[in-house]
Amino acid sequence: QVQLVESGGGLVQAGGSLRLSCATSGGTFNRFSMGWFRQAPGKERERVASIRWNNGDMEYADSVKGRFTISTNNANDTVYLQMNSLKPEDSAVYYCAADYSYGGIWFGTPRYWGQGTQVTVSS
């Protein structure tokens, strides 16, 4: 089956940077739309970044525009989330997601989820 394995989370001070990685296997990476979501305690899960498989268009939540960048590397079937200028409000569990259609990513109901990785930003 398709598996998404995330890494790169951790503790960082405000203003710092982290790069999350999501290694995929068991599927055709080039056919996936990909997304990054996050969920903080007491809050709804939020889509923070996505990329469409068919044209590579990227979309970002307003809260992270200009600070986060989603990218893919087809050579190793990996999607990344570069996070710069981190703020305490960015603290959350971050999840990688994949779907054969973009709708699953857009509406937060992807076919496949990663296990999540904790990001904690201190003041």
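The structure contained in this document is the topic of the report that follows. (Residues numbered from 1 in each chain as written. Predicted model: local features only at pLDDT ≥ 70, side-chain atom pairs only at ≥ 80, totals over all residues. Heavy atoms only, no water.)

## Brief notes about the packing of aromatic side chains
Moving on, step 1. Applying the stated criterion across every chain yields a total of six aromatic pairs.
Moving on, step 2. Between Tyr-100 and Tyr-112, the ring centres sit 6.0 Å apart and the planes meet at 85°, which makes this aromatic pair edge-to-face. Of the two residues, Tyr-100 sits in the loop between strand 9 (92–99) and helix 1 (102–106) while Tyr-112 sits in strand 10 (residues 112–113), which places them 12 residues apart along the sequence.
Moving on, step 3. An angle of 40° between the planes, with centres 5.9 Å apart, marks the rings of Tyr-102 and Trp-106 as tilted. (Phe/Tyr/Trp six-rings, centres within 6.5 Å; stacked < 30°, edge-to-face > 60°. Helix = DSSP H or I, 4+ residues; strand = E, 2+ residues; numbered from the N terminus.)

## Some thoughts on the pattern of salt bridges
Moving on, step 1. Tallied over the entire structure, the rule returns four salt bridges.
Moving on, step 2. Close ionic contact of Arg-38 with Glu-46 constitutes a salt bridge, the shortest N to O distance being 3.0 Å.
Moving on, step 3. A relative accessible area of 7% places Arg-38 in the buried class.
Moving on, step 4. In this structure Glu-46 comes out as partly exposed when scored by relative accessible area, which is 29%.
Moving on, step 5. Arg-67 is the partner of Asp-90 in a salt bridge, and the nearest nitrogen-oxygen pair spans 2.7 Å. Here Arg-67 lies in the loop between strand 6 (58–60) and strand 7 (68–73) and Asp-90 lies in the loop between strand 8 (78–83) and strand 9, a separation of 23 residues in the sequence. Of the two residues examined, Asp-90 and Arg-67, each falls in the buried class.
Moving on, step 6. One salt-bridge network, held together by shared partners, links Arg-38, Glu-46, Arg-67 and Asp-90. (Salt bridge = Lys/Arg side-chain N within 4 Å of Asp/Glu carboxyl O. Buried < 20%, exposed > 50% of the residue type's maximum accessible area, 1.4 Å probe, protein only.)

## Observations concerning the nonpolar core
Moving on, step 1. Counting 30 residues, the largest nonpolar core has Leu-4, Met-34, Trp-36, Ile-70, Leu-81, Met-83 and Tyr-94 as the members making the most contacts within it.
Moving on, step 2. Counting residues per element, the ones that place at least two in this core are strand 3 (18–25), strand 4 (33–39), strand 5 (46–51), strand 7, strand 8, strand 9 and strand 11 (117–122).
Moving on, step 3. Excluding its chain neighbours within four sequence positions, the residues that come into contact with Met-34 are Leu-4, Thr-24, Phe-29, Ala-49, Ser-50, Ile-51, Ile-70, Val-79, Cys-96, Ala-97, Ala-98 and Ile-105. (Core = buried A, V, L, I, M, F, W, Y, C linked by side-chain atoms within 4.5 Å. Contact = heavy atoms within 4.5 Å.)

## Section: the pairing of strand 9
Moving on, step 1. Burial within strand 9 is extensive, with six of its eight residues counted as buried.
Moving on, step 2. In the sheet, strand 4 pairs with strand 9 via seven bridges, with the strands oriented antiparallel. Bridge pairing in strand 9 places Gln-39 opposite Val-93.
Moving on, step 3. Summarising the sheet, strand 9 and strand 11 pair through three bridges and their orientation is antiparallel. Of the residues in strand 11, the one forming a bridge with Val-93 is Gln-118.
Moving on, step 4. Inspection of the sheet shows strand 9 paired to strand 10 by two bridges, in the antiparallel sense. Paired with Ala-97 across the two strands is Trp-113, which belongs to strand 10. (Pairing = 2+ DSSP bridges.)

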